[in-house]
Amino acid sequence: MTCAEEQHTSDEQLTTTEYRAAAAGQYRGSAAWPTATPRTPVRQGRISVALYAEDAILYAGAVQQLRQQPELELVDDEDADEAQVSLVVVDCVNEPTVRLLRRLQRNTATRTGLVVGSFEADTLQTMIECGVAAVLRRAEVDRGRLLHLVTAMANGEGVLPGDLLGKLLDHVSSLQRTVLDPRGLTLSTLTTREADMLRLVSEGFDTTEIAQKTSYSERTVKNVLHEVATRLHLRNRAHAVGYAMRHGLI
């Protein structure tokens, strides 16, 4: 049965306790696989992970993988909302999964990653809208990749398989070309003026020279560069230039 077909399966056919719990929005792994793990605080330096799985088999497999990683620590149900990372393990992105992802999205304290068996091409946008920061196919899971996924999310980064990233870039390119370009808008986090000034900074020009080249006052140049640094939480001009170059903004 494909993921699309599963989304239309009637409630009467979902007979397992685990899947009924999932459909009710109770995707916590312990609901499907009770554990006797005592509630203990996460040890300093370890990444706290809340695990959600749609059935006992997926939950048990994920637990085995995660507990082999000394850098990670699984949290109990009581502490799930305080975890740095929420990891969702499912066969496919269906209605119960989307409900869970939307619920997790409301908790801004944690970032959500998805380990999934398969998904339809049109679910990429749904995953992004639900705030999923990282995706890993179950067939590609090993200790190194799973650790990389969780660590990247804890560091505020995103992770996508190469083919998904390509589809996302195609989608962004199409959006820029068909929607934003006709309106003179851009997806860049920098305005044209900001990008021009940072480019001049990267070429070694000082405030006076930038003001002369852009026909703005020195005060405007300082204000523009200060606004960029403040908005993007950057320390100084050098940091701003490095950020812009690293992200392809200049």
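Since the structure is predicted, the reported quantities are computational estimates derived from the model, not experimental observations.

Q: Tell me about the overall build of the chain, and name the residues and values.
A: A count of helical and extended segments in the chain gives 12 helices and 5 strands. Within the chain, the fraction of its 250 residues that count as buried is 41%. Within the chain, residue pairs in contact and separated by at least 24 positions form 69% of the contacts whose partners lie at least 6 positions apart.

Q: Break down the side chain of Thr 207 for me, citing the residues and quoting the values.
A: In this fold, Thr 207 is placed in helix 10 (residues 207-214). Residue Thr 207 is classed as buried on the basis of its relative accessible area, which comes to 12%. Contacts of Thr 207, omitting those with residues within four sequence positions, involve Glu 218, Val 221, Lys 222 and Arg 237.

Q: Give a detailed account of the confidence of the model for the chain, specifying residues and quantitative values.
A: Detailed reading of the predicted coordinates is not advisable wherever pLDDT falls low. The share of residues in the chain with pLDDT of 70 or more is 70%, and the mean pLDDT across the chain is 77. Below a pLDDT of 50 lies the segment residues 7-26, which in the model reaches 24 contacts outside its immediate sequence neighbourhood of four places, other chains included.

Q: How would you sum up the environment of Val 115? Please name residues and give values.
A: Along the chain, Val 115 turns up in strand 4 (residues 111-116). Here the alpha-carbon distance between Val 115 and Val 141, two residues 26 residues apart in the chain, equals 8.2 Å. Not counting residues up to four positions away in its chain, the partners in contact with Val 115 are Leu 87, Val 88, Val 89, Val 90, Leu 136, Arg 138, Val 141, Leu 146 and Leu 149.

Q: Got a sec to walk through unusual backbone geometry? Specific residues and values, please.
A: Of note in this structure, Ser 215 is not a glycine but carries a positive phi near 65 degrees. By the element assignment, Ser 215 lies in the loop between helix 10 and helix 11 (218-231). On the basis of relative accessibility, which here comes to 67%, the residue Ser 215 falls in the exposed class.

Q: Before we move on, can you summarise helix 11 with the specific residues and values?
A: The end-to-end C-alpha separation of helix 11 is 20 Å, in line with the 20 Å expected for 14 residues at 1.5 Å each. Listing the buried residues of helix 11 in full gives Val 221, Val 224, Leu 225, Val 228 and Ala 229. Along the long axis of helix 11, the arc covered by the buried residues comes to 130 degrees, so they all point the same way. Among the exposed residues of helix 11, those pointing more than 90 degrees away from its buried face are Arg 219 and His 226. Residues of helix 11 that are buried in the fold lie against helix 9 (192-202), helix 10 and helix 12 (237-246).

Q: If you had to explain the nonpolar core to someone new, which residues and values would you point to?
A: If you look at the biggest cluster of nonpolar residues, it comprises 24 residues, and the most contacted ones within it are Leu 51, Leu 87, Val 89 and Leu 149. Elements with a minimum of two residues in this core: strand 1 (47-53), helix 4 (56-67), strand 3 (85-90), strand 5 (132-137) and helix 7 (143-154). One finds Leu 100, Leu 104, Leu 114 and Cys 130 within the second-largest nonpolar core, a separate group that totals 20 residues.

Q: I'd like to hear about the pairing of strand 5, residue by residue, with values.
A: Burial analysis of strand 5 places 5 of its 6 residues in the buried class, the great majority of the element. Summarising the sheet, strand 4 and strand 5 pair through 5 bridges and their orientation is parallel. What sits directly across from Leu 114, in strand 5, is Val 135.

Q: Which residues make up the sheet that holds strand 2 (residues 72-74), and what are the values?
A: Here 5 strands make up an open sheet; going across it, the order is 2-1-3-4-5 and the pairing parallel. The sheet terminates laterally at strand 2 and strand 5, the two strands that pair on one side only. Neighbour-to-neighbour, the strand axes of the sheet open up by a mean angle of 30 degrees, direction not taken into account. Strands in contact with helix 5 (residues 95-105) are strand 1, strand 3, strand 4 and strand 5; relative to strand 3, the strand with the most contacts, it is inclined by about 180 degrees.

Q: So, the pattern of salt bridges: which residues are in play, and what are the values?
A: Note on pairing: side chains with opposite charge can pair once their charged atoms come close. Across all of its chains, the model carries 6 salt bridges by this definition. A salt bridge links Glu 73 to Arg 46; its shortest N-O distance comes to 3.1 Å. Of this pair, Glu 73 sits in strand 2 while Arg 46 sits in the loop between helix 3 (29-32) and strand 1, and the two are 27 residues apart along the sequence. With respect to class, Glu 73 is no different from Arg 46; both count as buried. With a shortest N-O distance of 3.2 Å, Glu 227 and Arg 231 are connected by a salt bridge. Remark: Arg 231 and Glu 227 occur in helix 11; sequence separation between them is 4 residues, near one turn of the helix. When salt bridges that share partners are traced, they join Glu 194, Glu 227 and Arg 231 into one network.

Q: Please set out the pairing of strand 4 residue by residue, giving values where relevant.
A: Here strand 4 lies mainly inside the structure; 5 of its 6 residues are buried. In this view, the connection linking strand 3 to its parallel neighbour strand 4 by way of helix 5 has right-handed handedness.

What counts, and where the lines are drawn
- Residues numbered from 1 in each chain as written.
- Predicted model: local features only at pLDDT ≥ 70, side-chain atom pairs only at ≥ 80, totals over all residues.
- Heavy atoms only, no water.
- Helix = DSSP H or I, 4+ residues; strand = E, 2+ residues; numbered from the N terminus.
- Buried < 20%, exposed > 50% of the residue type's maximum accessible area, 1.4 Å probe, protein only.
- Contact = heavy atoms within 4.5 Å.
- pLDDT = per-residue confidence, 0-100.
- Expected span 1.5 Å × (residues − 1).
- Arc of directions from axis to C-beta.
- Core = buried A, V, L, I, M, F, W, Y, C linked by side-chain atoms within 4.5 Å.
- Pairing = 2+ DSSP bridges.
- Axes fitted to C-alpha atoms, helices over the stretch in contact; angles between N-to-C directions.
- Salt bridge = Lys/Arg side-chain N within 4 Å of Asp/Glu carboxyl O.
- Right-handed = clockwise from strand over helix to strand, strands pointing away.

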